[in-house]
Amino acid sequence: MDELISFFDAENADEMPAELPPEVEEGNVEYKLKLVNPSHSRFEHLVTQMKWRLQEGEGEAIYEIGVEDSGMLAGLTNAELDASLCTLQRMAAELGATITVLRERHVELEGAECQKRAMEILVRKVPDDQPFLDLRLAVLGNVDAGKSTLIGVLTQGELDNGRGRARLNLFRHLHEIQSGRTSSISHEILGFNDHGEIDTLFSVPGVGSVVGGTIHRGSIKEHDTLQMGPFDDGSFQQVKVKTVHRNRLPCRLVQAGQAATVALCDVPRETLRRGMVLVSKEAPLIACRLFEADVFVLFHSSQIQPGFETTLHVGSVCQTCRIEKICDKV
């Protein structure tokens, strides 16, 4: 555990730790003692291995050069390290990836004639099915800790004026504006281009109805025909996908676990409501108005009995419901 903690040691953020944990087969971290003049067959194997590590890291892989599989930093001479970096660059070029030196360490070995070095390299390649890499971060904290102000500054690219201006763009309700405190969970986008600046790209208006959400299973791509519903009468209707966007940028495909917005062809805005779903044409369709549920009451100031009304939350659905019958009490 001590070795893992040293990865995040702020005092040594620019220098590799003296020893790493042993290499594991899964994941996106690869140890290489040296990569000096590999044969053609060896080079092809190394490229395949890099492709695997990139897939494991969803577009990012870490290469520890001058490190044995046990995690010991053996180090390389300057000539060996330069040759290894050249090979690593060739491997990355085969896959359309880039390499960046993250940190290094001078290795002092007893009896060594010259000083050796080990290096940590980031290999990055944007997957073919998306135009960028994304990382989700949750911001938590006490009231008045400055969560909304921080996010507002980062996403808008302007400093706060000392009176809460930066957080205004995060407010969703009138009472939030009046009180100056957010009361709802929001999702904001912080994008960077190749110069590290904040992007200000937004979807183009006039594309028709646009729906947003998280893909739970399967995938969605342009020109797909899906079923959408349930509508007020419990029915589902076929709709056609016009375009797909992730983080306000167009993409060819979105997959399970990704959040996206989808523009639909010829779907009136007034027919849409929160809680609707997009499903495959082959998926079984079920819409219900009555269901059974196991309810655990932790605290309530009054009696809960048939006829009692409450608010039900299921995913993005927020719906008033009424208890028709209480079947049993435990």
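Residues numbered from 1 in each chain as written. Predicted model: local features only at pLDDT ≥ 70, side-chain atom pairs only at ≥ 80, totals over all residues. Heavy atoms only, no water.

Q: Break down the overall build of the protein chain for me, citing the residues and quoting the values.
A: Broken down by element type, the protein chain carries five helices and 14 strands. Looking at the 330 residues of the protein chain, the share that counts as buried comes to 27%. (Helix = DSSP H or I, 4+ residues; strand = E, 2+ residues; numbered from the N terminus. Buried < 20%, exposed > 50% of the residue type's maximum accessible area, 1.4 Å probe, protein only.)

Q: How would you explain the packing of aromatic side chains if you had to name every residue and give the values?
A: Working definition: an aromatic ring pair is given by the centre-to-centre distance plus the angle between the planes. Tallied over the entire structure, the rule returns zero aromatic pairs. In this structure, Arg90 packs its charged tip against the face of Phe43, placed 4.2 Å from the ring centre. (Phe/Tyr/Trp six-rings, centres within 6.5 Å; stacked < 30°, edge-to-face > 60°. Lys NZ or Arg CZ within 6 Å of the ring centre and 35° of its normal.)

Q: I'd like a rundown of the side chain of Arg53, residues and numbers included.
A: Inspection of the secondary structure puts Arg53 in helix H2 (residues 40-56). Here the side chain of Arg53 touches Gly27 through a polar contact of 2.9 Å, landing on its backbone oxygen. Apart from the residues within four sequence positions on either side, Arg53 is in contact with Glu23, Val24, Glu25, Glu26, Gly27, Asn28, Val29, Glu30, Glu60, Ala61 and Tyr63. (Polar contact = N/O pair within 3.5 Å; in protein donor to acceptor, adjacent residues only side chain to side chain. Contact = heavy atoms within 4.5 Å.)

Q: Can you explain the packing of H2 against helix H3 (residues 78-94)? Please cite residues and give values.
A: The relative placement of two packed helices is expressed as an angle between their axes plus a distance between the axes. Interaxial distance between H2 and H3 falls to 9 Å at its minimum, and their mutual angle equals 65 degrees. The chirality of how H2 crosses H3 is right-handed. Along its contact with H2, which presents Phe43, Leu46, Val47 and Met50, the element H3 presents Thr87, Leu88, Arg90, Met91, Ala92 and Glu94. Along the lines of polarity and charge, the residues of the contact of H2 with H3 split into seven nonpolar, one polar and two charged. (Axes fitted to C-alpha atoms, helices over the stretch in contact; angles between N-to-C directions. Left-handed = near helix turned anticlockwise from the far one by under 90°. Nonpolar A, V, L, I, M, F, W, Y, C, P; charged D, E, K, R; others polar.)

Q: Give me the pattern of salt bridges: which residues, what numbers.
A: Using the criterion set out here, one finds ten salt bridges in the structure. Here Glu120 and Arg103 are joined by a salt bridge, their closest N and O atoms 2.9 Å apart. On the criterion of sequence distance, the pair formed by Glu120 in strand S4 (residues 116-124) and Arg103 in strand S3 (residues 98-107) is long-range, its members being 17 residues apart. Among the residues examined, Glu120 registers a relative accessible area of 5% and is labelled buried. Among the salt bridges present, the one from Glu309 reaches Arg322, with a minimum N-O distance of 3.9 Å. Here Glu309, found in strand S13 (residues 309-314), pairs with Arg322, found in strand S14 (residues 317-322); they are 13 residues apart in sequence, far enough to count as distant. A single salt-bridge network, built from bridges that share partners, covers Glu23, Glu30, Lys32 and Arg53. (Salt bridge = Lys/Arg side-chain N within 4 Å of Asp/Glu carboxyl O.)

Q: Describe helix H4 (residues 147-156), listing the residues and the values that go with them.
A: Every buried residue belonging to H4 is among Ser148, Gly152, Val153 and Thr155, and all of these are buried. Positive phi shows up at Gly157, right after H4, with a value of about 75 degrees.

Q: Which residues make up the environment of Tyr63, and what are the values?
A: By the secondary structure assignment, Tyr63 is in strand S2 (residues 60-65). Here the alpha-carbon distance between Tyr63 and Glu120, two residues 57 residues apart in the chain, equals 5.8 Å. Tyr63 has contacts with Glu30, Lys32, Leu46, Gln49, Met50, Arg53, Leu88, Met91, Met119, Glu120, Ile121 and Val123, leaving out every residue within four places of it along the chain.

Q: Give a description of the nonpolar core that names residues and reports values.
A: Counting 20 residues, the largest nonpolar core has Met50, Tyr63, Met91 and Val123 as its most contacted members. Contributing elements (two or more residues each) for this core: H2, S2, H3 and S4. Counting residues in each nonpolar core, the second largest holds 17 residues, with Val211, Met228, Cys251 and Val254 among its members. (Core = buried A, V, L, I, M, F, W, Y, C linked by side-chain atoms within 4.5 Å.)

Q: Can you break down the sheet that holds strand S1 (residues 29-32) residue by residue, with the values?
A: Taking strand neighbours across the sheet as the criterion, the four strands line up as S1-S2-S4-S3 in an open arrangement whose pairing is mixed. Taken across any chain shown, the strands that pair with only one partner, and hence form the sheet edges, are S1 and S3. Averaged over all pairs of adjacent strands, the angle between their axes in this sheet comes to 20 degrees, without regard to strand direction. The strands that H3 touches are S2, S3 and S4; relative to S4, the one it contacts most, it runs at about 10 degrees. (Pairing = 2+ DSSP bridges.)

Q: Lay out the environment of Phe308 in plain terms, naming residues and giving numbers.
A: Relative to the elements of secondary structure, Phe308 occurs in the loop between strand S12 (277-279) and S13. When the C-alpha positions of Phe308 and Glu324 are compared, they lie 8.1 Å apart, and in sequence the two are 16 residues distant. Apart from the residues within four sequence positions on either side, Phe308 is in contact with His300, Gln303, Cys321, Arg322 and Ile323.

Q: Give me unusual backbone geometry: which residues, what numbers.
A: Here the residue pair Gly229 and Pro230 is connected by a cis peptide bond, since its omega of -5 degrees sits within 30 degrees of zero. Not every positive phi belongs to a glycine, and His223 is a case in point at roughly 70 degrees. Note that His223 resides in the loop between strand S6 (219-221) and strand S7 (225-229). Despite not being glycine, Asp266 shows a phi value in the positive range, around 55 degrees.

Q: Before we move on, can you summarise the side chain of Arg117 with the specific residues and values?
A: Note on placement: Arg117 falls in strand S4. Take Arg117: its relative accessible area is 18%, and that puts it in the buried class. Side chain to side chain, Arg117 and Asn78 meet in a polar contact 2.9 Å long. At a separation of 2.9 Å, a polar atom in the side chain of Arg117 contacts the side chain of Glu104. Those residues in contact with Arg117, other than ones at most four positions away along the chain, are Gly75, Leu76, Asn78, Leu81, Glu104, Arg105, His106 and Val107.

The quantities given are spatial measurements derived from coordinates; they are silent on function.
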